[in-house]
Structures are given as structure tokens and as C-alpha cells.
Amino acid sequence: MVDLRNKLVLALGERDGIPGQALQACAESAGARVVYVATQCFV
Amino acid sequence: MDLEEQDAIRRVAESGARERMLVLLGTPTAGSTLMTALTLSQGDPSYAGPLAGIPLGLPSYHILEDGVREAIPPDVYDREIGPLEFVLDKAGIVTALEKVRTGTPSS
Amino acid sequence: MTTRPVIRAARFVLAHVPDLVYAGSKPRRETAARGRDVRAQIRSRLRTFREAVAYAPHQVMIGNQAPEALWDLPRPWHLHSPAEAPCEGPAGAVVDQPTFYAWLARADTARLIRFDEAFVAEAGPLVRGADLATASPDALRSAVASGAEPIGDPDGRGIGVLLPGHAQDESLAARVLLENLATKATGALALRRLLDGVAGDEPVDFLLGCGEEAVGDRYQRGGGNLAKAIGELAGIRTAGGADVKAFCAGPVHALIIAGSLVASGLHRRVVVVAGGSLAKLGMKFLGHLASGYPILEDVLAGVAIDVAGDDGRSPIINLDAAAVHRVGDGGAPHQMAAVLTQAPLRARGLRLSDVDRFAVELHNPDITEPAGAGDVPQRNYKMIAALAAQAAEIDREGIPAFVRRHGLPGFSPTQGHIPSAIPYLPHAIAGLTTGRCRRVQLIAKGSLFLGRMTEMADGASFLLERNAG
């Protein structure tokens, strides 16, 4: 298991994969602090 | 990775406490996962962006990896990720990250 | 008096503009960062007009081939084009660069373009009747030095320059105006084509713009109503107009609104119209170069869609099965699919399997895959199929078959709002009238978060149904 507690997470989402906000919600619920969040869109 | 995105991440990574940082990816394909993870650990492999020759050494994990999933409360994971593990190429994504971690990226 | 709204026709015009690829946002930024070699690399991989016309996805866009034909064509598709193909089809046309430039000239009501004298002499018949301001090569060069935007290959012979609209106004900078003029010209090309082919004698009451341009000066950046300017350029006098802004979801929102305007009886004929995105030309050129592909993002796409009252034949916009993504809805792909695809069907007692075809964002995978973005429509279809499996309509092993039966290959140029479900309309109309389809769902999504005003995404959908007469 990846220990996310107290980690500083850079959440790099993609609109056509998993968006940054969903990654952020997951990371924070696992005890991480999200320091950067982005959702890229290539279309 | 976009040039602007590389620059933004470099600034965050250089702002301190890099040993506590990790990248959580939501990339949709094995290829994009490999490129992003490589760029943020070893530097921009295309030598085109602000991270060319700058190995930030950031470890990357993908939200679909079992080890990541286990760290997240099931109700949150189910709500936010749901059936995406059946839609995206989970096996390819996991293999791509294994290559980056063992230092044997073939592409 | 109310009526059921129908979609009578849709037309697409693809303007092949290889010399404007350098003016796309990504090529422009890469050139600034890495120098003029970038332009040389692009130049070596540009397509000829004939290649762009024969490209199978373009033949699908203009209606000469069914989208399903692409399932069986080996990829990448540019390696499997016939030597010759018609540039016109029942759903539209591919036009060449000189034709586009002639429309650009007519679109320039502010007279900000200074044409190269040699271009005007050569273009002759194409620009007949247009009152063009010309300048010598020396004058053009000095104009570029003081803020004008070259039109065409900056290292070669362009057709002239576009002057800024104002000395200090960033909203009227020459490169912004070139984007907007390109959108106006391609929108008008599509609108003219629609009206030349469909009920030309019936007045258009209202034009709904749904492109992604931002027209306005410093005091109202994005003020809009390009729809009306497009109507003027296309020679329409009867219509009013306004724009609907919703990123890539704009066209589907606009069709729902157009249907409502017709259903209410306020207007009898509404045309939804949009021009193409200059900024997106060459957006994924780095991936295309790395894969040895031609630069596939070399066309500007315009669209015009005819919405009118029930004619007893054309497919009906079922407003009872229209859905929008609400502020409180989740933005992850499965959450959006549930809201836009499954929920409106359930509300009408329908299953996902009851829809013959889903039209999602139909991005051409040859364009997106070399950039690492994968096959966008196939992922969307897998998502819908996964929802069907979750609802026990099919089992998990049935997902690929569901995708093939209810999905489509992507074939649209990656022009933002253009790929969002609407490229299937000409084929859907055929399937729902002379074909055997009963129901098609159009689903669009928009990346609102790109504008930095919200973290939300957006989307809209509706059902297009066979007209029982």
C-alpha cells in the first residue's frame, strides 16, 4: 500500500482520464495534502 | 507534457520538502502515464521543456494502482473513480509505471 | 401555438489552411521557445489539399462515407486514402486555402487586412467584388514589425497582414482578430452551404452561435454575437442572433435552446452555427512529428444546423429527454455519463440498450493518440457500456460488443466544439429517416475549468428520435 499520510501530493489529472479534482478528493481522504492540482485537456 | 505544466510543477517541487512529495496521476493511457512519470523523475525525455535535463526525482503513482486504491477509503474511491478502472487501460498503466520504477523504460 | 422541433439538416465545411498552422497556439509557443526550426519541421509534414480531401475521416465529415466504414479501414487512416476523392458531399465540403482567404477578405468589414499586391492579382476571380486594400512587400514587412499579424506562412509568401484593431487593446490585437475572422469566415461558409441546399426560400428567424471564440474589445472581451456577423457575411437579412457559450458543450446546449425556441413558437426556423478554431491548428503537432504523421490538425471546421418545426419527416429533438450537467453534479467521467446519458433515459423508462447510437465527442483518434491522449470516443463508449453492465443490461464480457453496436469511430477534426456529437448529425438524420434507427443520443462535454473561473466541467445531452409522422 502506498502511504499517502502527510505526503505532499501533486495531482495531475486529465479530462479524458481522471480529473484533478477526483484525484484531490482521493488523496485528501487518505491523509495527504494536495499542493498542486491540474486537469489537462488535449482536445 | 505541456511546457507550461512542466514549469509550474518545477516551481512547486523547488519550493521545498521535496522528499515528502509524490505525484498522483490520472492519465488515461499507458503512453501518457510513462511520459509524465519519466518527465517528473528523470527530466523531460524530449529535451524540449523546462524540465529538460532537470531530474526532479518525484515518484509517480497512478490512481488505478492497487497500492493507491488500498490507501483510499472505499466509499471515496468508489464515488470518485467508480468504473474507470474498467474503462482505462489499467494493466498497461501499471506496467508503464513499473518500467519507470525499475529504470527500464523502453520508449 | 407549439410544435415539436426537428433537425432538418446539418452541414460542415472544412477549410484546409496549411499555411495557418503556424498561427495555432501550440506551434506559435513552440516557435517562440525553440526558434524557427519548429516551422521548418511543420512545413515538411503539411498535407496538400488533395490529401486533406481524400482523408477518410474528412470524407465522413462531408457525408460521402458512413462513419462505420472507418471500423474496417486500417489505421493510421492517412496511409489508406484513395488517390482521388470528391471535395463535396451531401453533408458539406472541404474548401481550399485560396477559397478560405477570399472569404476571410469578405469577412474583414473593419478593413484591417492589407493584401499583398501579388496575391490580389493572382486570386483574381476568387476575390471579385471584394474591395481589398493592398500594400507592397516592404510596407507589409514594416506593418508586421509594428504589431500586424502575417496571414500565411511567416517564412514564405503570405497573402498579406492583419493590422491590430487598436494600438493598446489586447482584445483587438491582430492575432486575436485573425482567430475571430477565421471563425467568422468558416461559420459563414457552413451557413451559406446549408441555405444553398436546404429550404433556401424559407427565412431564418434566428441564428444561435456556439463557437469558442471571444469577440469584443477591452471593455467587453468575449462580448460575442458572432452569430449575427456570420449571418451578415452569409447574406442573410431576416435573422436575429445571439451566442451560447459553453466551451465544447456549446453546440448541444444551443440545439436544446434552438429546439425550445421553435417548440415555444417564438421562432419557426433557428440555425445553430459555429466557425472553426484557429488556435487549435497544430495543437498536437509534436506528437504527429514524433510518430511520422502529417500535421493532421490543418483544417478549420464550420458547422450550420437547421432546426425547424415538425415537418412530419425529420428527426425530433425530444426536449423531455434533454439533460444538463448541474452545479451539484460530480465531474468525473462516470458521474457525467450517468447524469447525461443514463438519467434522462431512465426518466423515460428507457435502457441504454434502447438507444441505437450514442454520439459522443467524436475526436479522430489518429489525431489524439500520437499525443498520448488515446482514443477519446472509445473511452466514452466503454464508459457507457460499463454503465450498461452496472445496470445489468449486459454482462462485463459484452462491453466490446456494446461499444461496436452502439458506438462510433471518431472522425472529427479536433476543433473543440466541433467534435462534440454534432458531426454524427448528418448520418443520424439519414439513419432516423431512410435508415432503421429509432433513437440517437447526442452527448457533449465542456472543460469549464480551463478558463480558471471554476473547477467544474459541464455537459448536455438530448435524444433525437424518429419522426412517426
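Rules behind the numbers
- Residues numbered from 1 in each chain as written.
- Chains lettered and ligands numbered in written order.
- Predicted model: local features only at pLDDT ≥ 70, side-chain atom pairs only at ≥ 80, totals over all residues.
- Heavy atoms only, no water.
- Helix = DSSP H or I, 4+ residues; strand = E, 2+ residues; numbered from the N terminus.
- Rg over C-alpha atoms; globule rule 2.2 N^0.38 Å.
- Buried < 20%, exposed > 50% of the residue type's maximum accessible area, 1.4 Å probe, protein only.
- Contact = heavy atoms within 4.5 Å.
- Buried area = accessible area lost by both parts, 1.4 Å probe.
- Salt bridge = Lys/Arg side-chain N within 4 Å of Asp/Glu carboxyl O.
- Core = buried A, V, L, I, M, F, W, Y, C linked by side-chain atoms within 4.5 Å.
- Domains from an automatic or database assignment.
- Pairing = 2+ DSSP bridges.
- Right-handed = clockwise from strand over helix to strand, strands pointing away.
- Polar contact = N/O pair within 3.5 Å; in protein donor to acceptor, adjacent residues only side chain to side chain.
- Nonpolar A, V, L, I, M, F, W, Y, C, P; charged D, E, K, R; others polar.

Looking at an unreviewed UniProt entry, chain C carries the name Glycine reductase, with the source organism given as Candidatus Segetimicrobium genomatis.

Caption draft 1: Examining the overall build of chain C more closely. Scanning chain C for helices and strands turns up 16 helices and 15 strands. A compact globule built from 469 residues should have a C-alpha radius of gyration of about 23 Å, and chain C, at 22 Å, falls within 12% of that. Across the 469 residues in chain C, those meeting the buried criterion constitute 60%. Put simply, of all contacts in chain C between residues at least 6 apart along the chain, 76% involve residues at least 24 apart.

Caption draft 2: Expanded view of the interface of chain C and chain A. Of the residues lining the interface, 19 residues belong to chain C; the matching set on chain A comes to nine residues. For the pairing of chain C and chain A, the buried interface totals around 1200 Å² over both sides, and the portion due to carbon and sulfur atoms is 57%. Counting the surface chain C buries against chain A, the share from its top three residues, P333, F449 and E455 of chain C, is 30%. For the interface between chain C and chain A, the tally reads one salt bridge.

Caption draft 3: Fine view of the side chain of K26 of chain C. Examined against the element boundaries, K26 of chain C turns out to sit in helix α1 (residues 25-34). For K26 of chain C, a relative accessible area of 9% gives the class buried. Setting aside chain neighbours within four positions, we find K26 of chain C in contact with D2 and L3 of chain B together with A279, G282, M283, F285 and L286 of chain C.

Caption draft 4: View of the environment of L73 of chain C. Residue and element names in this part refer to chain C. Looking at where L73 falls in the secondary structure, it is placed in the loop between α4 (56-61) and β2 (88-89). Note: C-alpha distance between L73 and A56 (17 residues apart in sequence) is 8.8 Å. Residues contacting L73, with those up to four places away along its chain left out, are A56 and H80.

Caption draft 5: Here's a closer look at the nonpolar core. Counting residues in each nonpolar core, the largest one holds 109 residues, and the members touching the most others are I63 of chain B together with I7 of chain C. In terms of residue count, helix α14 (residues 376-390) of chain C provides more of this core than any other element does, eight residues in total. Each of domain 1 (5-107 + 179-309) and domain 3 (316-465) of chain C accounts for three or more of the residues forming this core. Sequence-distant contacts of I7 of chain C, that is, excluding residues within four places in its chain, are made with L255, I305, D306, V307, S314, P315, I317, L425, I429, F462 and L464 of chain C. If you look at the next biggest cluster of nonpolar residues, it comprises 52 residues, including A102, I159, L177 and L194 of chain C.

Caption draft 6: Structural context of the pairing of strand β8 (residues 206-209) of chain C. Residues and elements named next belong to chain C. Going residue by residue along β8, you find F206 and L208 tucked away on one face and L207 and G209 tucked away on the opposite face as well. Of the strand pairs in this sheet, β8 and strand β9 (residues 240-243) are connected by four bridges, and their pairing is parallel. Residue pairing across strands places G209 opposite D243, the latter belonging to β9. With helix α9 (residues 226-233) bridging β8 and the parallel β9, this β-α-β connection has right-handed handedness. Of the pairings in the sheet, the one linking β8 to strand β10 (residues 269-274) comprises four bridges and is parallel in character. Among the inter-strand pairings, L207 is bridged to a residue of β10, identified as V271.

Caption draft 7: Molecular detail of the interface of chain A and chain B. Taken together, the contacts link 26 residues of chain A with 35 residues of chain B. Buried surface at the junction of chain A and chain B, summed over both partners, amounts to about 2600 Å²; 72% is from carbon and sulfur atoms. Connecting chain A to chain B are zero salt bridges. Seen at the junction of chain A and chain B, the total is ten residue pairs in polar contact (both at pLDDT 80 or more). Every element with two or more residues in the side of chain A that touches chain B is listed here: β1 (8-14), α1 (20-29) and β2 (33-40) of chain A. Ranked by residue count, the leading element in the side of chain A that touches chain B is β1 of chain A, at seven residues. A breakdown of the residues in the side of chain A that touches chain B according to their chemical character gives 18 nonpolar, five polar and three charged. The pairing of β1 of chain A with strand β1 (residues 21-25) of chain B spans five bridges and is classified as parallel.

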